[in-house]
Amino acid sequence: MRSILPVVLALVVAGLIIVVMGSNPLDFYAGVWKYGLTGNNWQDSLRLMAPLMIIALGLIVAFRGQLWNLGYNGTFLLGSVVASGLGPNLFPVLPGWLVTAIIILGSLLVGALWSVVPAVLKARFGTNEIITSLVMSFIAIGVVNLLIKGPVHDPNPRVTAPQTATIARENLLPFIDGTRVHIGFVVAIVLALVAQFIVSRTSFGVRLDVFGASPKAAQHVGISRSWMIILLFCTSGALIALAGSIDVLGNVTYQRANWNPGYGDAVMPFVFLARLSPLAAIPLVAFYSVFANGGINAARSVGLNSDFLLVVVGLILVFMTITEFVGEKRRLGQGYLPAGMKQSVMALFGPRAAAPVKVTTPAPDKVTTSSSPTTTTTSTPGKVTT
Amino acid sequence: MSTIAAEPGVISLREITKAFPGVVANDRISLDIVGGQVHCLLGENGAGKSTLISILAGMQQPDSGTILVDGRSTPINSPKAAVDLGIGVVHQHSTLVPAFTVLENLMLGETGVLRNETRAKARLDELSELLGARIDPDALAGDLGLGQQQQVEIAKAMWKGSRLLILDEPTSMLTPQAIEKLAASVAQIKAQGLAVVFITHKLREAYQMGDCVTILRGGKNVGHIGADQLASFSEAQAQRAILAAMFGDDVATPEAADLAGATEAHREVDDIELGTKRVRLELSGVATRGHGHDVDIRDVSLAVHESEILGIAGIDGHGQAALAEVVAGQRSAAQGTIRFDGADITRRGVAGRQQLGLRYVTDDRLHEGTVGGMSVAMNLVLKRIGQRPFWKFGQINRKAVDAEAERLIADYAIKTPSSATRAGTLSGGNIQKVLLARELTDGARFVVVNKPTYGLDLKTVKLVRQILTEFAAEGGAVLLLSTDLDELVELSHRIAVISDGEIVGIVPNDGRGTAERVGQLMTGAIEGTPATEEAHA
Ligand SMILES: Nc1ncnc2c1ncn2[C@@H]1O[C@H](COP(=O)(O)OP(=O)(O)OP(=O)(O)O)[C@@H](O)[C@H]1O
Ligand SMILES: [Mg+2]
């Protein structure tokens, strides 16, 4: 119930905004349904869902350990540039399966290595990971753009736009029989189920929960704090980079400089709505995939800019915050955010800024503020460019 | 008593009821809190004292019942409403923000743009003086020992409290001197016309500080001793009356006196011949380093024998945490060696030591010892994550976990609605039993316990002490860190004194006068005169 309420409220308010802008909200939502689900459109939605789901898992891994990994945009692009950079060069000279394997492993490795930096800084010196992961993300975005404009630029001299060569159709991830949904979607769902199994049934899941609940308790139980931070950050980064390579290998087939779909920003609220449960995240991410995929055309059909979708995501965040606030006051079950994560956000804004807020309800609205700067360079999510 | 019409200066609770899943924490409780009086609230663990306080503090809403302020019905529906009414609260468990400094924590409640730090510092000095505490305003709250945190909490409540000051077990971590200082400042506050609600498990404090007493049991108000009556009682009479109400009438008089701690503390453990016992744990020249404002230990050499309880006395925050953690393996030793049954374990981690039978009952039972959001069952096997039979091939075996939990819950009489209940909702005493049950089970050979009985009701204190003496009698070894001198005298074979991270002396606990000698060592160490006792065992 608490997972759905903010979404419903956001959709209602979004409808009102559409009215104010002079369009018919019912047309818009009908359009979302039509372009998101009917005909073959559901297949496009699922194709979009593959990277979103894997990123959601990457975020869950970090957030469960109360680590704010906000470097997802950069990590995602690093993963995708591994695919778009290596793919066009290697596929012609090596067996396809081998190249795919190299790309998958390469992206996992790059994502993990990139995340070592904020992880080690946090583990060794207690540096706030919000800042370091964001900085690493900006650096990654720059590096990716340089790569695309330089070393991995399309060798075809007629292509002047900053972009890589396209990976040939036969080298892309295979489709599930009878659909245009690539197996990356299956990978995403399997990963989600595995993650669910790990968090709910294995000893590592309990260790993760203890660590997430209280680093002090984790130390008491004998869980190494540094090791846990590094492991979680690297796993998180590896998954998010994997999402990037899978999106290129299965969906977008090449990469332009300045391409940044901002998937992480979009799934973040849903990860919290799912209360960091991989299983619960599946329907929520599926919902968003349909909404995003259908919403682009629906927005166009009623004369709205497709940025409108981000407004809806923002509204969900706002209502989530409000529900959290009211809920905490009236003790309606658990909050979405683990308490320790709120604290690390508060610490970022300094005691002075956070001081007027009462201790019992540490400003969850800061969450919105911290994630919004990263949404600025977002283009339309999930656009299929074939 | 509860029929008098509420008058100005009185906060009256009428028929307050609050239920949680499986328990009625407050069951139609009525009482009056009168200005210029100290109202003591007593009752066993889980009786509902803290719940009643959290209702007064606006943290929880009663299911039914009313609160009358100056005769007018006044709902307290937020912590802010309580502050506006002039109600200051020291909660049982720290509510300080660990990442903030002491001063920042104290100024949290201040609204308005002007946050005058100089004035705040001056006020803190004033309060420190009053409390007899030395608190560094720039220390991070998270770096303070629990005892110091408690002092900051009291300062924080007095910062604002202008009408009613509520102290939920403020003395559980304080030394006798600090308690005397607190009593003096409570008297001062009372003289200014403020009302004070004082929760404690120590009957002596209730008698000495309280003007009237209310006893809760099972969520009900089961006894009230009015101001006139209490004044006419002798201490023994008062104790009998309180105990009868607290535990029912089945407490025999000598046992009652014993429970109340009215008799002088004397050693209760059996004699052992140290020379004939093997050394279980040996520290030689151990030092720790780092860790913010926390006091480290320096050059500590100690030996604990099998069947021995070695007490460590000292003022809280003098290196006890470092000592306990370096023994448990949570903190690494910068110098020196630690031997367990003769084997060097200096480099072993927590899990390795745990498997050898070396256990640790921490004093921070809420944030370190347990994970409040997890079930009681999971908390009971928390130190054995991944081990058979609870995990097989990495997969949890819930049946085995539940069976073990049921066994420990029965063995240690842990009061919980079920093994699936979240540990954080248990009362303080029962959380402590969860820790003891977990640490002393499954091949324990040595246990470090830090303040094992703080915040426990009289019966549970007795039970815990019994558990520890039995553990020692059966060949276990205990390193007992405590700020409660009576407890040390009752349980220990020898008592070492820690001061500023160093062991300043060891006193064998043989016959009368131990407490005095320990006290001399403590004051001697503080005043810098060299300790005359033997340095090491
Ligand atoms: N938030 C909660 N959810 C569920 N049960 C609760 C909650 N808070 C308290 N309880 C239950 O209510 C009862 C009364 O608890 P309370 O903390 O008021 O006891 P207490 O008298 O303060 O005990 P102690 O002396 O151990 O501090 C206990 O059985 C406890 O388990
Ligand atoms: Mg209590």
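Residues numbered from 1 in each chain as written. Chains lettered and ligands numbered in written order. Predicted model: local features only at pLDDT ≥ 70, side-chain atom pairs only at ≥ 80, totals over all residues. Heavy atoms only, no water.

**Student:** Kindly report on the UniProt feature "transmembrane region" (unreviewed entry) in chain A, identifying the contributing residues and their values.
**Tutor:** Residue and element names in this part refer to chain A. UniProt records the feature "transmembrane region" (unreviewed entry) for residues 46-63, 70-91, 97-121, 130-148, 181-199, 226-246, 266-290 and 302-322 in the present numbering. This span, residues 70-91, is 86% helix and 0% strand, and a straight line between its end C-alpha atoms measures 33 Å. The span residues 226-246 is 100% helical and 0% strand by assignment, and the distance between its end C-alpha atoms comes to 30 Å. (UniProt positions renumbered as here; feature names shortened; annotations may be inferred. Helix = DSSP H or I, 4+ residues; strand = E, 2+ residues; numbered from the N terminus.)

**Student:** Got a sec to walk through the site of ligand 1? Specific residues and values, please.
**Tutor:** All names here are of chain B. Lining the immediate environment of ligand 1, one finds 19 residues, of which Gly46, Ser50, Thr51, Gln92 and Thr425 sit closest. Measuring from an oxygen atom of ligand 1, one finds a backbone N or O atom of Ala47 at 3.2 Å. Residue Thr51 places a side-chain N or O atom 2.5 Å away from an oxygen atom belonging to ligand 1. In isolation ligand 1 offers 640 Å² of accessible surface; the protein chains occlude 82% of this area. Looking at the shell around ligand 1, the elements that each hand over two or more residues are strand 2 (23-34), helix 1 (49-56) and helix 16 (428-440). Tallied by class, residues from the shell around ligand 1 come to five nonpolar, eleven polar and three charged. (Near = heavy atom within 4 Å. Polar contact = N/O pair within 3.5 Å; in protein donor to acceptor, adjacent residues only side chain to side chain. Areas by Shrake-Rupley, 256 points an atom, 1.4 Å probe, with all protein chains shown as cover. Nonpolar A, V, L, I, M, F, W, Y, C, P; charged D, E, K, R; others polar.)

**Student:** I'd like to hear about helix 12 (residues 278-301) of chain A, residue by residue, with values.
**Tutor:** Residues and elements named next belong to chain A. With 24 residues, helix 12 should reach 34 Å at 1.5 Å per residue; the first-to-last C-alpha distance of 34 Å fits that figure. The largest bend in helix 12 amounts to roughly 40° and is located at Gly295. Of the residues trailing helix 12, Gly303 is marked for its positive phi of about 80°. (Expected span 1.5 Å × (residues − 1). Bend = angle between axes of the 7 residues up to and from the residue.)

**Student:** Hey, could you go over the sheet that holds strand 22 (residues 502-508) of chain B for me, with residue numbers and the actual values?
**Tutor:** Pairing between sheet strands relies on hydrogen bonds along the backbone, with the strands arranged either parallel or antiparallel. Residue and element names in this part refer to chain B. The strand order across the open sheet built from six strands is 16-19-20-13-21-22, with neighbouring strands paired in mixed fashion. Because the sheet does not close on itself, it has two edges, and the strands there are strand 16 (358-361) and strand 22. With strand direction ignored, the average angle separating the axes of adjacent strands in the sheet is 20°. Where strand 13 (residues 309-313) lies against strand 20 (residues 477-481), four bridges are found, and the strand directions are parallel. Bridge assignment links Gly311 to a residue of strand 20, and that residue is Leu480. (Pairing = 2+ DSSP bridges. Axes fitted to C-alpha atoms, helices over the stretch in contact; angles between N-to-C directions.)

**Student:** Hey, could you go over the side chain of Glu169 of chain B for me, with residue numbers and the actual values?
**Tutor:** Residues and elements named next belong to chain B. Within the element layout of this structure, Glu169 appears in the loop between strand 7 (164-168) and helix 6 (176-191). Buried charge without a partner: Glu169 forms no salt bridge, and the closest opposite charge is Lys49, 4.7 Å away. Here His201 takes part through its side chain, which lies 2.9 Å from a polar atom of the side chain of Glu169. Beyond its immediate sequence surroundings of up to four residues, Glu169 is in contact with Lys49, Gln92, Gln150, Ile199, His201 and Gly455. (Buried < 20%, exposed > 50% of the residue type's maximum accessible area, 1.4 Å probe, protein only. Lys, Arg positive; Asp, Glu negative; His and termini not counted. Salt bridge = Lys/Arg side-chain N within 4 Å of Asp/Glu carboxyl O. Contact = heavy atoms within 4.5 Å.)

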